[in-house]
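Chains, contacts and geometry: an overview
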Amino acid sequence: MPKPRAHTPYSDLPPQAFWRTGVAEAGVYGLSDLWTSPWTLPSDARFATFGSCFAQHISRALKERRMGWVDGEPAPFGTPAELARSFNYGVFSARTANIYTAAQLRLLLRMAAGETPIEEPELWISPDGRVRDSLRPSIEPDGFASLHEALLSRQAMVRGLRRAVIGADVFVFTLGLTEGWESAQGQPFAACPGTLGGAFDPAQHRFVNYRTAAIRQALDDSLALLQMMNPAIHLLLTVSPVPLTATASGAHVLVATMRSKSVLRAVAGEMAEDEAAVDYFPSYEIISGAPTRSAFFEPNLRSVVSQGVEVVMRHFFNGLNLTAPARHGAEAEADAARNRAIDDDIRHEALLCEEAALEAYNAA
């Protein structure tokens, strides 16, 4: 007769705590309880969305469901949807373009909080006289006509970012990369100078592969800035599952990708454990985890297929707790109505992604 097993902390764990029952037997479409928000949000909760390319899926999903997506910098009234999209309106909650690193986020929030002058980050003048913003070099398809125009646009973006922070219950930020480029003075760029604008100067531009402590510090600083502008705001971190297009680290791009995503995932998880106002949503695990067998990637093993996005969004919306009383009322309804015309037309358009421009440098 077998001896009864001793009672241990594992004895009463639910099925999802074990790999066999939680993953192997469930299968990718049977996974459950991957995420439950710790916050009780208002029924008309408002979300601001920023970050790397994958963050655009969250923006789109919120708008498709007519939920409270904050648009702090809408396109001018009457702008056709296709034109608005080409100028990066309606992609994120302000025209920041993709924010790939925590250092970039901190700089933008410092400008929104009034701690960094908007004219301080570099503007790049092309040989043809057009101007590109080092913070968002592809925000205008053909660049700006002048330095003055570029600064006015940056000012509008900063104002829109601040408006989005103040108006949101949840600030969703998707971490994308640890690799980046900075000026000799320490200003982070959205892309390596010379790829989307500007000219690369090895004496003035340096490659940086941000380490865990630096990323955590940038996120801690960003949280403090968010709470300075909106004391009640929540920060929801995710990690993009999209691999690097290219690496300047010297490592193989596969190794560099795993390093980057692992560091970002570790920092985001620890910050969520340490801060009640911070949580982590596992979009990275859903797309890249073993159960998918890479089925959620296109043949290029980089772009995420729509079925994968749908699974991520199902877990996201199922995990939200929107049972607190509504608090925004007519404000949310007005925003939804204002965005509806654009939303319907851009639903299935391709995502905008500066990082993809690096593929042009792949001689193969």
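Relevant structure appears above.
Basis of the calculations
Residues numbered from 1 in each chain as written. Predicted model: local features only at pLDDT ≥ 70, side-chain atom pairs only at ≥ 80, totals over all residues. Heavy atoms only, no water. Helix = DSSP H or I, 4+ residues; strand = E, 2+ residues; numbered from the N terminus. Buried < 20%, exposed > 50% of the residue type's maximum accessible area, 1.4 Å probe, protein only. Contact = heavy atoms within 4.5 Å. Expected span 1.5 Å × (residues − 1). Pairing = 2+ DSSP bridges. Axes fitted to C-alpha atoms, helices over the stretch in contact; angles between N-to-C directions. Left-handed = near helix turned anticlockwise from the far one by under 90°. Nonpolar A, V, L, I, M, F, W, Y, C, P; charged D, E, K, R; others polar. Core = buried A, V, L, I, M, F, W, Y, C linked by side-chain atoms within 4.5 Å. Salt bridge = Lys/Arg side-chain N within 4 Å of Asp/Glu carboxyl O. Polar contact = N/O pair within 3.5 Å; in protein donor to acceptor, adjacent residues only side chain to side chain.

**Topic: the environment of A48**
- Mapped onto the secondary structure, A48 falls in strand β1 (residues 46–51).
- Classification of A48 by relative accessible area gives buried; the value is 0%.
- Separated by 113 residues in the primary sequence, A48 and L161 place their C-alpha atoms 9.1 Å from one another.
- In this view, A48 contacts V70, S93, A164, A168, V170, F171 and V172; residues no more than four positions away in its chain are not counted.

**Quick word on helix α5 (residues 147–167)**
- With 21 residues, α5 should reach 30 Å at 1.5 Å per residue; the first-to-last C-alpha distance of 30 Å fits that figure.
- Those residues of α5 that sit buried are A150, S153, R154, M157, V158, G160, L161, A164, V165 and G167.
- Where α5 is buried, its residues touch β1, α4 (102–112), β3 (123–125), β4 (131–133), β5 (170–175) and α6 (212–229).

**A short note on the sheet that holds strand β2 (residues 68–69)**
- The strand order across the open sheet formed by five strands is β2-β1-β5-β8-β9, and the pairing between neighbours is parallel. At either end of the open sheet lies a strand with only one pairing partner, and these are β2 and β9 (278–280).
- Where strand β8 (residues 234–239) meets β9, three bridges bridge the pair, whose relative direction is parallel. Its bridge partner being in β9, L235 is matched across the sheet by V278.

**Focus: the packing of helix α2 (residues 55–64) against helix α9 (residues 306–319)**
- The N-to-C vectors of α2 and α9 enclose an angle of 65 degrees; their axes lie 11 Å apart at closest approach. Two packed elements cross with a definite hand, and for α2 against α9 that hand is right-handed. For the pair formed by α2 and α9, the contact residues are H57, I58, A61 and L62 on the first element and V309, M313, F316 and F317 on the second.
- Grouping the amino acids of the contact of α2 with α9 by side-chain chemistry returns seven nonpolar, one polar and no charged.

**What about the nonpolar core?**
- Core analysis: the largest hydrophobic core is formed by 50 residues, its most contacted members being F50, L161, F171, F173, L219 and L235.
- Residue assignment for this core shows that the elements contributing at least two residues are β1, α4, α5, β5, α6, β8, α7 (253–274) and β9.
- A per-element tally of this core places α4 first, with eight residues.
- Setting aside anything within four residues of it in sequence, one finds L161 in contact with F50, A94, L108, L109, A112 and F171.
- Counting 29 residues, the second largest nonpolar core, distinct from the first, contains F47, I58, V305 and F316.

**Digging into the pattern of salt bridges**
- Tallying each qualifying case throughout the model produces 11 salt bridges.
- Between R154 and D133 there is a salt bridge, with its nearest N and O atoms 2.6 Å apart. Placement of the pair is R154 in helix α5 and D133 in strand β4, with a sequence separation of 21 residues. Per residue, the accessibility class of R154 equals that of D133, and both read buried.
- The salt bridge involving R206 is made with E182; its shortest N-O contact spans 3.1 Å. Highlighted residues: R206 in strand β7 (residues 205–209) and E182 in strand β6 (residues 179–183), separated in sequence by 24 residues.

**Brief notes about the side chain of N98**
- Among the secondary structure elements, N98 is positioned in the loop between α3 (81–86) and α4.
- Only 3.1 Å separates the side chain of N98 from the side chain of Q56, close enough to count as a polar contact.

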